[in-house]
Amino acid sequence: MNILGIETSCDETGAAIVCDGKTVLSNIVSSSLKEHVKYGGIIPEIASRRQLEYIHSVVDEALKKAKISFRKIDAIAVTIKPGLIGSLLVGISFAKALSYAKQKPLIGIDHIKSHLYANFLSNKGETQALPKLPAVGLIVSGGHSSLYFIKRFPEFEELGHTLDDAAGETFDKVARILNLGYPGGPAIEKAASQGANKEIRFKCADLPNTFNFSFSGIKTAVLYYQNAHRHDKMYSVNKVAYAFQKSVVTRLVKKSIHACQKKGTQTLLVGGGVAANSELREQLQKAAKEHGITTFFPPMAYCTDNAAMIAGLAFHYKGARNKKGTKIASRVF
Ligand code: KG4
Ligand code: ZN
């Protein structure tokens, strides 16, 4: 079954073709990120206008690269939530029109869940050990930070979520406080790699007995620290970035391992842009090993926003029914 996935939830315009929920035949991403850099964050108006400009050629290219005609596409999958409303509308309208014109079923996909599904994708000709379910999934992106329990696809049970900022958003905002530029995650990671120290400590909220997160406190702590110390002789932005990253990562790791123990699973899936962070990868793998847990990170190309994860997860909804009992994938708009 070949599914054409379309992803337009934020500043990336993605189209991909995935066979049987696992083999990526093509994965095309166009991004307007560079245009937002000077503003220090995504400008929704610019993002949605670029989506409109890119969508046609991105979908065309995905078909070309996969070397299949539209006749061989069995269904169309599109991100329906969450995301910037203007950006989402472009992808959804495009997918609906295509579904209607070509008489192909249309499947709406949750962007956050699909980030975890990225761990189940492989490129054509490559084989890799796939994660075993049930699993706990940690999703850490620019807009979301949640823990899920996945018994089998497409059943996701949310264990917890952030009560305020998302992990990636916190990296972005702290990078802005420290004048490190946008996007903040890679900038903080780079600065932190030259700032190892034990003098500065920030506390990331614990919220005991829950699987929820809170990152707004540590963001304020960094701001206050910066205001109080930036004129000190020994002040080092790199050291602050290191202490901040360490604290956030430690909290993410502790909660994820705890969730695996609580749910009695040995598989931990990670997804979202922050999954690219090397400190998170190292700490998580180390802690997981100590507890007999196997950790999975998607390949870099599937960590950040892409349509392959949308098309991949959609495969598991092909027989699913909506509340009215109608088969979701047989619904043609
Ligand atoms: O998943 P994603 O591409 O988009 C959303 O759906 O939000 O995530 C983007 C987020 C940004 O906040 C970015 O700063 C963060 O992921 N990010 C990182 C790293 N690379 C990207 N955070 C920490 N370390 C990184 N290396
Ligand atoms: Zn995302």
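Residues numbered from 1 in each chain as written. Chains lettered and ligands numbered in written order. Predicted model: local features only at pLDDT ≥ 70, side-chain atom pairs only at ≥ 80, totals over all residues. Heavy atoms only, no water.

Peer 1: Help me understand the site of ligand 1, please; the structure alone is not making it clear to me.
Peer 2: In the neighbourhood of ligand 1, 20 residues make up the surrounding shell, with G142, D172, E189, G273 and N277 lying closest. With respect to ligand 1, the side chain of H111 contributes an N or O atom lying 3.4 Å from an oxygen atom. Against a free-state accessible area of 560 Å², the protein chains account for coverage of 86% of ligand 1. Looking at the shell around ligand 1, the elements that each hand over two or more residues are α4 (111-117), α5 (167-177) and α6 (184-192). Tallied by class, residues from the shell around ligand 1 come to four nonpolar, 12 polar and four charged. Both domain 1 (2-121 + 303-328) and domain 2 (135-297) contribute no fewer than three residues apiece to the shell around ligand 1. (Near = heavy atom within 4 Å. Polar contact = N/O pair within 3.5 Å; in protein donor to acceptor, adjacent residues only side chain to side chain. Areas by Shrake-Rupley, 256 points an atom, 1.4 Å probe, with all protein chains shown as cover. Helix = DSSP H or I, 4+ residues; strand = E, 2+ residues; numbered from the N terminus. Nonpolar A, V, L, I, M, F, W, Y, C, P; charged D, E, K, R; others polar. Domains from an automatic or database assignment.)

Peer 1: Would you take a moment to explain the sheet that holds strand β10 (residues 267-271) for this structure?
Peer 2: Hydrogen bonds between backbone groups are what pair the strands of a sheet, and the pairing can be parallel or antiparallel. Taken in spatial order, the five strands make up an open sheet running β9-β8-β7-β10-β11, and their pairing is mixed. Where the open sheet ends on each side, the last strands, each with one partner, are β9 (156-161) and β11 (294-296). For this sheet, the mean angle separating the axes of adjacent strands, direction not counted, is 25°. Looking at chain direction, strand β7 (residues 135-140) and β10 are connected through four bridges and run parallel. In the sheet register, I139 faces β10, and the bridge partner there is G271. (Pairing = 2+ DSSP bridges. Axes fitted to C-alpha atoms, helices over the stretch in contact; angles between N-to-C directions.)

Peer 1: What is the right way to read the packing of aromatic side chains from this model?
Peer 2: The geometry of an aromatic ring pair is captured by the separation of the ring centres together with the interplanar angle, meaning the angle of the planes. Under the counting rule described, the total for this entry stands at eight aromatic pairs. Ring plane angle 85° and centroid distance 5.9 Å describe the contact between Y148 and F156, whose orientation is recorded as edge-to-face. Judged by relative accessible area, Y148 falls into the buried class, the value being 6%. For the ring pair F213 and F215, a centre distance of 5.8 Å and an interplane angle of 15° mean the geometry is stacked. (Phe/Tyr/Trp six-rings, centres within 6.5 Å; stacked < 30°, edge-to-face > 60°. Buried < 20%, exposed > 50% of the residue type's maximum accessible area, 1.4 Å probe, protein only.)

Peer 1: What am I meant to see in the pairing of β7 here?
Peer 2: Working note: regular strand, side chains alternate between the two faces of the sheet. The buried fraction of β7 is high, at six of six residues. Neither face of β7 is open: one carries A135, G137 and I139, the other V136, L138 and V140, and all of them are buried. Between β7 and strand β8 (residues 145-150), which pair antiparallel one after the other, the connecting turn spans four residues.

Peer 1: Sorry if this is basic, but what is going on with the domain arrangement of the chain here?
Peer 2: For interface size, the figure often reported is the accessible area lost on association. The domain architecture assigned to the chain consists of domain 1 (2-121 + 303-328) and domain 2 (135-297). Using C-alpha coordinates to define each centre, domain 1 is positioned 27 Å away from domain 2. In this complex, domain 1 contributes 19 residues to the contact, which on the side of domain 2 involves 23 residues. At the surface where domain 1 touches domain 2, the tally comes to zero salt bridges. Here the side of domain 1 that touches domain 2 takes five residues from α4, the largest share from any one element. Across the side of domain 1 that touches domain 2, the residue classes break down as 12 nonpolar, six polar and one charged. (Contact = heavy atoms within 4.5 Å. Salt bridge = Lys/Arg side-chain N within 4 Å of Asp/Glu carboxyl O.)

Peer 1: So what exactly am I meant to see when it comes to the coordination of the zinc ion (ligand 2) here?
Peer 2: Tetrahedral metal sites with four donors have an ideal angle of 109.5 degrees; octahedral sites with six donors have ideal angles of 90 or 180 degrees. For the zinc ion (ligand 2), every protein donor is listed as H111 (NE2), H115 (NE2) and D305 (OD), and the spread of their distances is 2.0 to 2.2 Å. Because the angles between the four donor atoms bound to the zinc ion (ligand 2) fall within 94 to 146°, the donor set is best described as irregular. Binding-site remark: the zinc ion (ligand 2) is held by donors from one chain whose sequence spacing is H-x3-H-x189-D. Of this pair, H115 sits in helix α4 while D305 sits in the loop between β11 and α10 (308-314), placing them 190 residues apart in sequence. The pair formed by H115 and D305 is uniform in burial state, with each residue classed as buried. (Donors = N, O, S within 2.8 Å, 3.2 Å for Na, K, Ca; no water. Tetrahedral: all angles 85-135°; square planar, octahedral: opposite > 155°, others 65-115°.)

Peer 1: Just checking my understanding: could you explain unusual backbone geometry for this structure?
Peer 2: Backbone torsion omega between L133 and P134 reads 5°, so that peptide bond is classified as cis. As for its placement among the helices and strands, P134 is situated in the loop between β6 (122-123) and β7. Residue P154 follows F153 across a cis peptide bond; omega there is 5°. With respect to the element layout, P154 can be found in the loop between β8 and β9.

Peer 1: What's the story with the state of the cysteines in this structure? I'm lost.
Peer 2: Two cysteines joined by a covalent bond between their sulfur atoms form a disulfide. All chains considered together, the criterion is met by zero disulfides. Counting only cysteine sulfurs, C303 is the nearest neighbor of C10, a cysteine outside any disulfide, at a range of 16 Å. (Disulfide = S-S within 2.5 Å.)

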